[in-house]
Amino acid sequence: MTSIGGELQRWLAARSAERVHAHRQRERRPLRALDAVRVHDGDRELLNFSANDYLGLASHPELAAAMRSGVQPGAGASALVSGYRPEHRAFERELADFLERDSVLLCSSGYLANLAVATSLAGRGDQIVQDRLCHASLIDAARLSGADLSRYPHLDVGGLERQLGKDCDGQRLVVTDGIFSMDGDRAPLVPIHEAAAALNAWLVVDDAHGIGVTGPGGRGTVSEAGLGQDEVPVLVGTLGKAFGCSGAFVAGSRELVEHLVNEARTYIFTTALPPAMAAAASAALKRVREDQWRREKLAGLVRLFREQARSRGLELLESDTPIQPLLVGAADRALSVSAALRERGYLAVAIRPPTVPRGTARLRITLSSAHEPEQVEGLIEALEACLASP
Ligand SMILES: *Cc1c(COP(=O)(O)O)cnc(C)c1O
């Protein structure tokens, strides 16, 4: 018998060696959470500046209590079979009210929510136009839909208009992140809306990093831009970031949600979000709505970080959001700076190609309202020291 397993092992070893050579090998470390910002990696305690828990809600006792309140952990089936629970319905309604949308569909993750939207609204003969730095799930979603995908230079509305000007007999979808996940900058939503509206293209905004964090009452970048459901008929968000939970949603008209329920395969053919998670998300939404102080504190920390970084000549990207990437350039350098920070007790993960374009490896530093100003100042000092050594 010939050994197929041996062949596979040789192929895997070759691929692994290629990744190591290109400084693209990744590994996981189990991190024990000690509190909202401190983690332990088995060797040492670290201050975490690499989470998306922007409001410090992941460790909030009210969320933990909601998860233990007797609601089942597992839905036991997909939503259309028997997995849809009162907790799901209640949270969908609360969230629709908060986002000022008619309706909300809870999905198991943001990745799946984006696949649901693209594959059920577009197909062969249609066109999807995206910012070049859109999240990987939006790229994969467009590819899976079978529509013609074009990507315009980052934030370039002229580029978007040129792509939209191409012949297309089918439907057009314009897709953008509200806040870009690796750069922290914002999409120019009003001009993007105008460009889309001029050609009757439907606008999809993935506001994974905006909802809860920015905009009036934490309603996100779309609301901040003065746009509503008519201008942005498809709004996607995740519960894994500011909400400190897991899962995601699509918000829009009743008809949109009905369409997704019936046609989105990544909603239909997957187990419904854990009911206990929907209960926790309800508790998180209460904090998102009531705790304006978390957003104010976070905005203050962002200002502090930028002022201090600038005064020490650290190279930041243009961002006023909690995502504050520090551009390093080469992947191996980003890794060594990140390792040096770890020695000093700070977790700031290096983000390398292919997640970001070649030559733009960075430390993706993220701030949370659970951080204290002294911790941010400590990070800046450590960054300065680590970047100074070769
Ligand atoms: C994190 C993220 C997602 C994926 O959301 P998950 O719920 O983690 O799957 C989608 N879009 C953007 C812009 C994100 O940052």
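Check the secondary structure of the chain and you find 15 helices and 14 strands. Counting only C-alpha atoms, the chain reaches 60 × 55 × 50 Å along its principal axes. Every one of the 390 residues in the chain was classed for burial, and the buried ones make up 53%. Placing the 44 positive and 49 negative side-chain charges of the chain at their respective mean positions leaves the two points 6 Å apart.

Glancing now at the packing of helix H4 (residues 86-99) against helix H12 (residues 275-290). Viewed as axis vectors pointing N to C, H4 and H12 meet at an angle of 25 degrees, and their least axial separation amounts to 8 Å. It follows that H4 is roughly parallel to H12 by the angle criterion. When the axes of H4 and H12 are compared, the crossing they make is left-handed. Counting all contacts with H4, which are made through Glu87, His88, Phe91, Glu94, Leu95, Asp97 and Phe98, the residues of H12 involved are Pro275, Ala278, Ala279, Ala281, Ser282, Leu285, Val288 and Arg289. Among the residues making up the contact of H4 with H12, the classes are represented as 9 nonpolar, 2 polar and 4 charged.

With that settled, consider the layout of surface pockets. In this structure, the largest pocket encloses a volume near 1000 Å³. Glu27, Leu347, Val349, Ala350 and Arg352 are, among the 29 residues lining the largest pocket, the residues nearest its centre. No other element matches the 5 residues that helix H14 (residues 331-343) contributes to the lining of the largest pocket. Its residues assigned to classes, the lining of the largest pocket comprises 10 nonpolar, 9 polar and 10 charged.

Overall, mixed pairing links the 4 strands, which are arranged E1-E2-E3-E12 in an open sheet. Every interior strand has two partners, whereas the edge strands, strand E1 (32-33) and strand E12 (346-347), have only one. The pairing of E1 with strand E2 (residues 38-40) spans 2 bridges and is antiparallel. By the bridge assignment, Arg32 is partnered in E2 with His40.

Every buried residue of helix H8 (residues 189-198) is listed here: Leu189, Ile192, His193, Ala195 and Ala196. Angular distribution of buried residues about the axis of H8 spans 165 degrees; they occupy a single face of the element. Turned more than 90 degrees off the buried face of H8, the exposed positions are Glu194 and Ala198. Residues of H8 that are buried in the fold lie against strand E6 (148-152), helix H7 (157-164), strand E7 (172-177), strand E8 (202-206) and helix H9 (221-224). Just downstream of H8 lies Asn200, where phi reads positive at about 55 degrees.

Criteria and cut-off values
- The residue count restarts for each chain, going from 1 along the sequence in the order it is written.
- It should be noted that, the model being predicted, local features are given only for residues of pLDDT at least 70 and side-chain atom pairs only at 80 or more, the latter also being counted only at that level, while totals for whole chains, interfaces and linings use all residues.
- Side-chain metrics in this entry use all non-hydrogen atoms of the structure; hydrogen atoms and water are not considered.
- Put simply, DSSP marks the helices as runs of H or I at least four residues long and the strands as runs of E at least two long, and each gets a number from the N terminus on.
- Burial here depends on accessible area, computed with a 1.4 Å probe over protein chains only, as a share of the maximum for the residue type. Under 20% is buried, over 50% is exposed, and the range in between is partly exposed.
- Counting rule for charge: Lys and Arg are taken as positive, Asp and Glu as negative, and neither His nor the chain ends is counted.
- Where a charge lies is defined by one atom per residue type, namely NZ (Lys), CZ (Arg), CG (Asp) and CD (Glu).
- Here the axes come from fitting lines to C-alpha atoms, over the contacting stretch only for helices, and the angles between their N-to-C directions go from 0 to 180 degrees.
- If an angle is under 35 degrees, it is roughly parallel; if it is over 145, roughly antiparallel; if it lies from 65 to 115, roughly perpendicular; otherwise it is oblique.
- Left-handed is the label given to a crossing in which the near helix is rotated counterclockwise from the far helix by less than a right angle, and right-handed is the label when the rotation is clockwise.
- It only takes one pair of heavy atoms within 4.5 Å for two residues to be counted as in contact.
- Polar here means any residue other than Ala, Val, Leu, Ile, Met, Phe, Trp, Tyr, Cys and Pro, which are nonpolar, and Asp, Glu, Lys and Arg, which are charged; Gly is therefore polar.
- The way it works is a 1 Å grid over only the protein atoms, where trapped points that fit a 1.4 Å probe form a cavity and open points with protein on both sides within 12 Å along at least five of seven lines form a pocket, and then any residue with an atom within 4 Å of a point lines it.
- Grid points are joined across faces, edges and corners, and a volume is the space filled by probe spheres set on the points.
- When DSSP locates at least two bridges between a pair of strands, those strands are taken to pair.
- Of all possible arcs, the one meant is that of the directions from the helix axis to the C-beta atoms.

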